[in-house]
Amino acid sequence: MTALLNCAFRAAVDKFAVWRRRRRDLRDLAGLGQSEFSAIARDLRVSPDDLEAAAKNGSGNAANSARLLDALGIDSIGMLRAEPAVMRDMERVCALCPATARCGRDLRAGTSRWVYREYCPN
């Protein structure tokens, strides 16, 4: 029982740390001037609106694209080498996706390959 409580406590602390980091990152972005923010978006090859939305959604979203490809048996590293623009676009779509929580749960559960079409815009 104690081990279970320790695990739950650690999970809560980890979630809080992620929340704090995200709040700090959003504050940092809000402190940028419009020209600086636009320059960062341009460097990342996304629109300022997409960058703002991705920042609000959190940093873990884009990682789901590679994880989903791997779950589907597609070599994400090979895809990145062969089609970097396609991978960048997939990451952008994932970063803006409203179904990130479900996607992450499905990836952890190992069920993505059967259900991703229900919600995945990629």
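The model shown is predicted, which means the values in this text are computed figures rather than measured ones.

Moving on, we get to the overall build of the protein chain. For the protein chain, the helix and strand inventory stands at 8 helices and 0 strands. Ordered by position from N to C terminus, the α and β elements of the protein chain give α-α-α-α-α-α-α-α. The buried share of the protein chain, reckoned over its 122 residues, is 24%.

Right, let's talk about the state of the cysteines for a bit. Applying the stated criterion to the full structure yields 0 disulfides. Considering cysteine sulfurs only, Cys94 is the nearest to Cys103, which forms no disulfide, with 6.1 Å between them. Here Cys103 falls in the buried class, since its relative accessible area comes to 9%. Cysteine Cys120 remains unbridged, with the sulfur of Cys94 as its closest cysteine sulfur at 5.8 Å.

Another aspect to go through is the side chain of Ser65. Its location among the elements puts Ser65 in helix 4 (residues 63-71). Relative accessible area serves as the criterion here: at 2%, Ser65 is assigned to the buried category. In contact with Ser65, not counting residues within four places along its chain, are Met90, Glu91 and Cys94.

This next bit is on the packing of aromatic side chains. Counting across every chain of the model gives 0 aromatic pairs. In this structure, Arg113 is placed above the aromatic ring of Trp114, and the distance from its NZ or CZ to the ring centre is 6.0 Å.

Right, let's get into the pattern of salt bridges. Opposite charge on two side chains permits pairing when their charged atoms draw close. Summed over all chains, the structure comprises 3 salt bridges. Put simply, Asp106 and Arg102 hold a salt bridge, and the shortest N to O gap is 3.6 Å. Of this pair, Asp106 and Arg102 are both found in helix 7 (residues 100-109), 4 residues apart, which corresponds to roughly one turn of the helix. Overall, the relative accessible area of 11% leaves Asp106 in the buried class. A cluster of three or more residues bridged by salt bridges with shared partners is formed by Arg102, Asp106 and Glu118.

For helix 4, every residue scored as buried is listed here: Asn64, Ser65, Leu68 and Leu69. The arc that holds the buried residues of helix 4, viewed along the axis, is 135°, so those residues lie on one side. At its buried positions, helix 4 is contacted by helix 5 (76-82), helix 6 (84-95), helix 7 and helix 8 (112-115).

Moving on to the environment of Leu107. Within the secondary structure, Leu107 is located in helix 7. By relative accessible area, which is 13% here, Leu107 ends up buried. Considering only alpha carbons, one finds Leu107 and Leu68, 39 residues apart in sequence, at a separation of 7.0 Å. Here Leu107 is in contact with Asn64, Arg67, Leu68, Ala71 and Ser112, once residues within four sequence places are set aside.

About the thresholds
Residues numbered from 1 in each chain as written. Predicted model: local features only at pLDDT ≥ 70, side-chain atom pairs only at ≥ 80, totals over all residues. Heavy atoms only, no water. Helix = DSSP H or I, 4+ residues; strand = E, 2+ residues; numbered from the N terminus. Buried < 20%, exposed > 50% of the residue type's maximum accessible area, 1.4 Å probe, protein only. Disulfide = S-S within 2.5 Å. Contact = heavy atoms within 4.5 Å. Phe/Tyr/Trp six-rings, centres within 6.5 Å; stacked < 30°, edge-to-face > 60°. Lys NZ or Arg CZ within 6 Å of the ring centre and 35° of its normal. Salt bridge = Lys/Arg side-chain N within 4 Å of Asp/Glu carboxyl O. Arc of directions from axis to C-beta.

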